[in-house]
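# Observations on the three-dimensional arrangement
These are the residues of each chain, in order.
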Protein chains: 2
Amino acid sequence: MSDHTHPSPAESLIAAQGGRITRTRVAVLDILLAAEQSLTHDEIGVALDDKGIKHDRVTLYRTLDWLVESGVAHKMAGDDRARRFGVAASGPHEHAHFHCDRCGKVVCLEGLQPAVAVNLPGGYQLDRAELVLHGACPTCGKGA
Amino acid sequence: MSDHTHPSPAESLIAAQGGRITRTRVAVLDILLAAEQSLTHDEIGVALDDKGIKHDRVTLYRTLDWLVESGVAHKMAGDDRARRFGVAASGPHEHAHFHCDRCGKVVCLEGLQPAVAVNLPGGYQLDRAELVLHGACPTCGKGA
DNA sequence: GGTGGTTTTGCAACATAGTAGCATTTGCGC
DNA sequence: GCGCAAATGCTACTATGTTGCAAAACCACC
Ligand SMILES: [Mn+2]
Ligand SMILES: [Mn+2]
Ligand SMILES: [Zn+2]
Ligand SMILES: [Zn+2]
């Protein structure tokens with residue numbers, strides 16, 4: 001796609017996963033890296049439009065799936081029925097999230113994963129723990 | 001609905017929330033109370049059919065919404081895009097959940113809510129913490 | 001820089017989960 | 001029982017995500 005010799009952070013990330021550098025992937029990753037909150041498929045679609053990047057609904061779904069499968073991005077099922085996507089700027093996705101119950105926005109709380117000292121009932125194998133904090137974000141909390 | 005003088009646990013729970021005792025509400029609550037895992041709208045619909053309880057898709061959605069709003073049941077957004085419902089047999093919904101990533105089933109881990117000692121960035125107001133443990137359930141873990 | 005095979009895209013059709021409006025029925029306080 | 005608010009059943013609709021397949025874009029290799 002791009003022919004210059006200095007790969008962008010997005011391009012590097014994609015290449016590191018063995019994926020092809022394509023218009024949509026780079027643009028989506030740019031958007032996610034620049035966002036300070038998780039975004040829905042639809043919000044990313046609008047952001048692509050704003051950038052003048054032509055794209056297809058299905059391609060965007062597949063691009064997001066690929067980013068998640070590759071471990072570059074993460075996916076969160078919200079209370080509304082839209083999944084939200086984000087990238088952790090630094091390293092892998094091992095952190096908690098804050099979900100504002102008023103405006104619905106979801107932010108990554110990097111560097112915040114509490115020691116979950118749980119003793120599971122016998123037979124359960126724990127792979128990972130997912131912590132979501134609910135409440136009001138700074139913007140929404142102001143009025144209270 | 002029922003005319004006997006001994007209200008069932010389901011009936012008591014419904015009445016305690018100021019709701020009317022209806023066929024669907026009682027049957028759904030009975031199902032949720034008997035289930036040892038969270039159930040989807042669809043699974044509950046099948047269970048109602050099995051019980052011979054005629055019902056409408058939309059009514060079931062509204063019944064479940066009412067149970068959640070009343071605080072009797074809880075709703076979880078899963079990785080598949082179906083919400084799962086459950087009731088905590090004892091008291092309010094303050095516990096973690098285990099999600100089996102292989103078979104997709106979700107169980108309540110009652111009496112297991114870790115002290116989440118997180119210090120949020122300034123401005124965030126914490127209402128509640130939601131903890132979901134991912135891994136393999138006893139059934140699915142056997143083969144590993 | 002061109003070529004060829006593989007990956008990715010675009011499009012159309014489909015599937016699933018949930019919602020809205022409104023007339024009819026039902027629970028229940030009286 | 002009566003009356004009225006609450007709940008239900010229908011129909012239609014929306015939002016979100018998926019599948020199959022042909023066309024286009026990447027890029028390793030020369
Ligand atoms: Mn995150
Ligand atoms: Mn639970
Ligand atoms: Zn907010
Ligand atoms: Zn399992």
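Per chain, residue numbering runs from 1 following the sequence as it is written. Chain letters start at A and ligand numbers start at 1, both assigned in the order the entries are written. Local features in this predicted model are restricted to residues whose pLDDT is 70 or higher, and side-chain atom pairs enter the listing and the counts only when it is 80 or higher, whereas totals over whole chains, interfaces and linings include all residues. Only hydrogens and water are set aside; all other atoms, that is, all heavy atoms of the structure, feed into the side-chain values.

Right, let's get into the coordination of the zinc ion (ligand 3). All names here are of chain A. The coordination sphere of the zinc ion (ligand 3) contains the protein donors Cys100 (SG), Cys103 (SG), Cys137 (SG) and Cys140 (SG), at a distance range of 2.2 to 2.3 Å. Only nitrogen, oxygen and sulfur atoms within 2.8 Å of the metal, or 3.2 Å for Na, K and Ca, are treated as donors, and water is left out, so sites may look incomplete. Geometry is assigned from the angles between donors: four donors with all angles from 85 to 135 degrees make a tetrahedral site, four or six donors whose opposite pairs exceed 155 degrees while the rest stay between 65 and 115 make square planar or octahedral sites respectively, and everything else is labelled irregular. Geometry at the zinc ion (ligand 3) is tetrahedral, judged from its four donor atoms and the angles of 104 to 122° they form at the metal. Sequence positions of the donors to the zinc ion (ligand 3) reduce to the motif C-x2-C-x33-C-x2-C. Placement of the pair is Cys103 in the loop between β4 (96-100) and β5 (106-109) and Cys140 in helix α5 (residues 138-141), with a sequence separation of 37 residues. Helix numbers and strand numbers start at the N terminus; a helix is a DSSP run of H or I with at least 4 residues, a strand a run of E with at least 2.

Next up on the list: the packing of helix α2 (residues 23-34) of chain A against helix α4 (residues 57-69) of chain A. All names here are of chain A. The interhelical angle for the contact between α2 and α4, taken along N-to-C directions, is 65°, at an axis separation of 10 Å. Relative to α4, the element α2 lies roughly perpendicular. Here the hand of the crossing between α2 and α4 comes out right-handed. Only Thr59, Leu60, Thr63, Leu64, Trp66 and Leu67 of α4 make contact with α2, whose side of the interface consists of Thr24, Arg25, Val28, Leu29 and Leu32. We call Asp, Glu, Lys and Arg charged. Ala, Val, Leu, Ile, Met, Phe, Trp, Tyr, Cys and Pro are nonpolar, and the rest, Gly among them, are polar. Per-class residue counts for the contact of α2 with α4 are seven nonpolar, three polar and one charged. The convention used is that axes are lines fitted to C-alpha atoms, helices contributing only their stretch in contact, and that angles between N-to-C directions extend from 0 to 180 degrees. Under this scheme an angle from 65 to 115 degrees is roughly perpendicular, one under 35 degrees roughly parallel, and one over 145 degrees roughly antiparallel; angles in between are oblique. Handedness of a crossing is defined here by the sense of rotation of the near helix relative to the far one, left-handed for an anticlockwise turn of less than a right angle and right-handed for a clockwise turn. Should any heavy atoms of two residues lie within 4.5 Å, those residues are counted as being in contact.

Residues and elements named next belong to chain B. Here, a salt bridge means any Lys or Arg side-chain nitrogen found within 4 Å of an Asp or Glu carboxyl oxygen. Within the structure shown, the criterion is met by seven salt bridges over all chains. Here Glu130 ties to Arg128 by a salt bridge, and the two come within 4.0 Å at their closest N and O atoms. Summary of the burial criterion: residues with accessible area below 20% of their type's maximum are buried, those above 50% are exposed, and those between are partly exposed, where the area comes from a 1.4 Å probe applied to protein chains only. Residue classification places Arg128 among the partly exposed residues on the basis of a relative accessible area of 35%.

Overlaid copies result from least-squares superposition on C-alpha atoms, with residues included only where pLDDT is at least 70 in both. Once chain A has been moved 0.0 Å along the axis and rotated by 180°, it coincides with chain B to within an RMSD of 0.1 Å. Read as a symmetry element, the transformation amounts to a two-fold axis. Closest approach to the rotation axis within chain A is made by the C-alpha atom of Leu131(A), at a distance of 2.3 Å. Interface overlap between copies is the fraction of interface residues in one copy that are interface residues in the other; for chain A against chain B it reaches 97%, indicating a shared surface.

What follows concerns the interface of chain A and chain B. Across the boundary between the two partners, chain A contributes 36 residues, which contact 35 residues of chain B. Buried surface at the junction of chain A and chain B, both sides included, amounts to about 3000 Å², of which 58% is carbon and sulfur. Counting the surface chain A buries against chain B, the share from its top three residues, Tyr124(A), Gln125(A) and His134(A), is 19%. For the pair chain A and chain B, the number of links is two salt bridges. Linking Arg128(A) and Asp101(B) is a salt bridge whose minimum nitrogen-to-oxygen distance equals 3.5 Å. Throughout this description, a polar contact denotes any pair of N or O atoms lying within 3.5 Å of each other; where both atoms belong to protein, one of them has to be capable of donating a hydrogen while the other can accept it, and for residues adjacent in sequence the pair is counted only when both atoms sit in side chains. Counting across the interface, chain A meets chain B through 12 residue pairs in polar contact (both at pLDDT 80 or more). With 12 residues, strand β6 (residues 125-136) of chain A is the largest single contributor of residues to the side of chain A that touches chain B. Tallied by class, the residues present in the side of chain A that touches chain B amount to 19 nonpolar, eight polar and nine charged. Of the pairings in the sheet, the one linking β6(A) to strand β6 (residues 125-136) of chain B comprises 11 bridges and is antiparallel in character. Within β6(B), the residue paired with Leu133(A) across the bridge is Ala129(B). Accessible area that two parts lose when put together, with a 1.4 Å probe and added across both, is what the buried area reports. Being paired, for any two strands, means DSSP has found at least two bridges between them.

Remember that the coordinates give geometry; whether it matters functionally is a separate question.
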